[in-house]
Amino acid sequence: MTVKRIAVVGAGAMGHQIAMLSALAGYETYLQDISEDSLEAADRKLKDILNRWIEKEKLTAEAYEEAFHHLHMTTSLEEAAGQADLVVEAVVEKLDLKREVFSKLDEITPRHAVLATNSSTIVSSLIADATTKPEKVCNMHFFFPALVMDCVEVVKGEHTSDETAQTVMDVCHQMGRTAILLHKEISGFVANRILFAIQKEAMHLYEGGYADFEDIDKIVRNALNHPIGPFELMDLSGLDVGYYVMEQHYQETGDPDDRPSQTLVEKVEAGELGRKTGKGFYTYDRKVKS
Ligand SMILES: NC(=O)c1ccc[n+]([C@@H]2O[C@H](COP(=O)([O-])OP(=O)(O)OC[C@H]3O[C@@H](n4cnc5c(N)ncnc54)[C@H](O)[C@@H]3O)[C@@H](O)[C@H]2O)c1
């Protein structure tokens, strides 16, 4: 299937960068969000990033103009997705909300349109039945920050057609990303399952008083050669994001061990969400760019 027009729903941490990847790849791209503020912030952040790329000679001024020429921002889902060949949903990690969005997309998108979710954990079979075309639904999981991270996990459910999976793989390649196809669904997919196992153990060690979080990060960096420690990474991707992911995972498994940890709950309730709020496990200069 030939994709010409892509809609990205949700202009937050992930959505705005996925939309820019799409625009840079030459797709006519629509970025939609219910919040005007999110769209304005998205526009500002993208201009900042691309201007820095020009300064570093990673992008030409012509390519900048071209990309913004392809990128349209709107609060109207109909305008964004009404003629889309592919929709990438990147709203908050809440199953009910995603099902509501997919049900609306089912009504307004052309019959041939592929509907993909960028969810970090939710398998698309939990969403596909909110539509009348489950064969067109799959996971397309980018990593944060999407303009930098190369990998995309494409997950095929039993309901997903081969053509749908291939279409999404082709789009990833066109965006210059390394796409990897998972043949079977599993909550959290591959990268995040491995990451969660590390973060869960790091939190267990911290809450058990075995070591401070800074020292756990230091050990993981120095002994395991990870570029960044688990607490630094939680701060970077947002503690609220981690919280919702764990809450969703817990709802799926029912295993009390999968619940968000006490520390995470307290931090989210206190609004200490990591780099984006200036404080998480660590404290940041608010102007630091993530
Ligand atoms: N942040 C990460 O590290 C990361 C990485 C990979 C995947 N993801 C996944 O990407 C998705 C989005 O995460 P995020 O970190 O960008 O979240 P975010 O909170 O930064 O952004 C979500 C955006 O969705 C918008 N939104 C809410 N309801 C909407 C609706 N009905 N229609 C349109 N827009 C709506 C919000 O206004 C907000 O701008 C989640 O499913 C998450 O699991 C996140």
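Fair warning: this is a prediction, and the values are worked out from it, not measured in the lab. The numbers attached to residues start from 1 for each chain and follow its sequence in the written order. A pLDDT threshold of at least 70 governs which residues receive local features in this predicted model, and a stricter bar of 80 or more applies before side-chain atom pairs are shown or counted, although totals over entire chains, interfaces and linings include all residues. Hydrogens are left out, water is left out, and the side-chain values use all remaining heavy atoms of the structure.

A. How the structure looks around the overall build of the protein chain. Going along the chain from the N terminus, every DSSP run of H or I of four or more residues is numbered as a helix, and every run of E of two or more is numbered as a strand. Helix and strand counts for the protein chain come out as twelve helices and eight strands. The quantity called the radius of gyration is restricted to C-alpha atoms. Its globule counterpart is 2.2 Å times the number of residues to the power 0.38. Since a compact globule built from 290 residues should have a radius of gyration of about 19 Å, the 19 Å found for the protein chain is in line with a globular shape. Taking all 290 residues of the protein chain together, 49% fall into the buried category. Residue pairs at least 24 apart in sequence account for 66% of intrachain contacts in the protein chain once pairs closer than 6 positions are excluded. Partly exposed describes any residue whose relative accessible area lies between the buried limit of under 20% and the exposed limit of over 50%, with all areas from a 1.4 Å probe on protein chains only and scaled to the type maximum. Residue contacts are counted whenever heavy atoms from the two residues lie within 4.5 Å of one another.

B. Just the environment of Lys104, in detail. The residue Lys104 is located in helix H5 (residues 95–108) in this model. Among the residues examined, Lys104 registers a relative accessible area of 42% and is labelled partly exposed. It is 9.1 Å that separates the C-alpha atoms of Lys104 and Glu78, two residues lying 26 residues apart in sequence.

C. Inspection of the nonpolar core at higher detail. In terms of nonpolar packing, the biggest core is built from 41 residues, with Ile6, Met20, Leu50, Leu86, Met140 and Phe142 touching the most fellow members. Ranked by the residues each element gives to this core, the list is headed by helix H2 (residues 36–55), at six residues. In contact with Leu50, other than residues within four places in its own chain, are Met20, Leu24, Leu59, Tyr64, Ala67 and Phe68. Residues enter a nonpolar core if they are buried and are Ala, Val, Leu, Ile, Met, Phe, Trp, Tyr or Cys, with the set joined through side-chain atoms within 4.5 Å. If you look at the next biggest cluster of nonpolar residues, it comprises 19 residues, including Ala81, Ala84, Leu95 and Val101.

D. Region of the structure containing the domain arrangement of the protein chain. All the domain ranges listed were derived from an automatic or database domain assignment. According to the domain assignment, the protein chain consists of domain 1 (5–182) and domain 2 (193–277). For domain 1 and domain 2, the distance between their C-alpha centroids amounts to 26 Å. Facing the nine residues of domain 1 at the interface are seven residues of domain 2. Accessible area that two parts lose when put together, with a 1.4 Å probe and added across both, is what the buried area reports. It is Glu93, Thr121 and Phe144 that lose the most area in domain 1 upon contact with domain 2, and together they represent 55% of the buried surface on that side. Throughout this description, the term salt bridge denotes a Lys or Arg side-chain nitrogen within 4 Å of a carboxyl oxygen of Asp or Glu. One can count zero salt bridges joining domain 1 with domain 2. Any N or O atom pair separated by 3.5 Å or less is treated as a polar contact, with the protein-specific requirement of one donor-capable and one acceptor-capable atom, and with residues adjacent in sequence counted only for side-chain atom pairs. For the pair domain 1 and domain 2, the interface holds zero residue pairs in polar contact (both at pLDDT 80 or more).

E. Representation of the sheet that holds strand S1 (residues 5–9) in the model. What the eight strands build is an open sheet, ordered S3-S2-S1-S4-S5-S6-S7-S8; its pairing is mixed. Here the strands that pair on one side only, and so sit at the sheet edges, are strand S3 (71–74) and strand S8 (178–182). On average, each strand axis in the sheet is tilted by 25° relative to the strand beside it, whichever way the strands run. Criterion used throughout: strands pair if DSSP finds at least two bridges between them. Pairing analysis gives four bridges linking strand S6 (residues 137–142) to strand S7 (residues 151–155), with the strands arranged antiparallel. Bridging across to S7, Met140 finds its partner in Val154. The convention used is that axes are lines fitted to C-alpha atoms, helices contributing only their stretch in contact, and that angles between N-to-C directions extend from 0 to 180 degrees. Against the sheet, helix H1 (residues 15–24) makes contact with S1, strand S2 (28–32), S3, strand S4 (86–89) and S6, and its axis sits at roughly 170° relative to S2, the strand it touches most.

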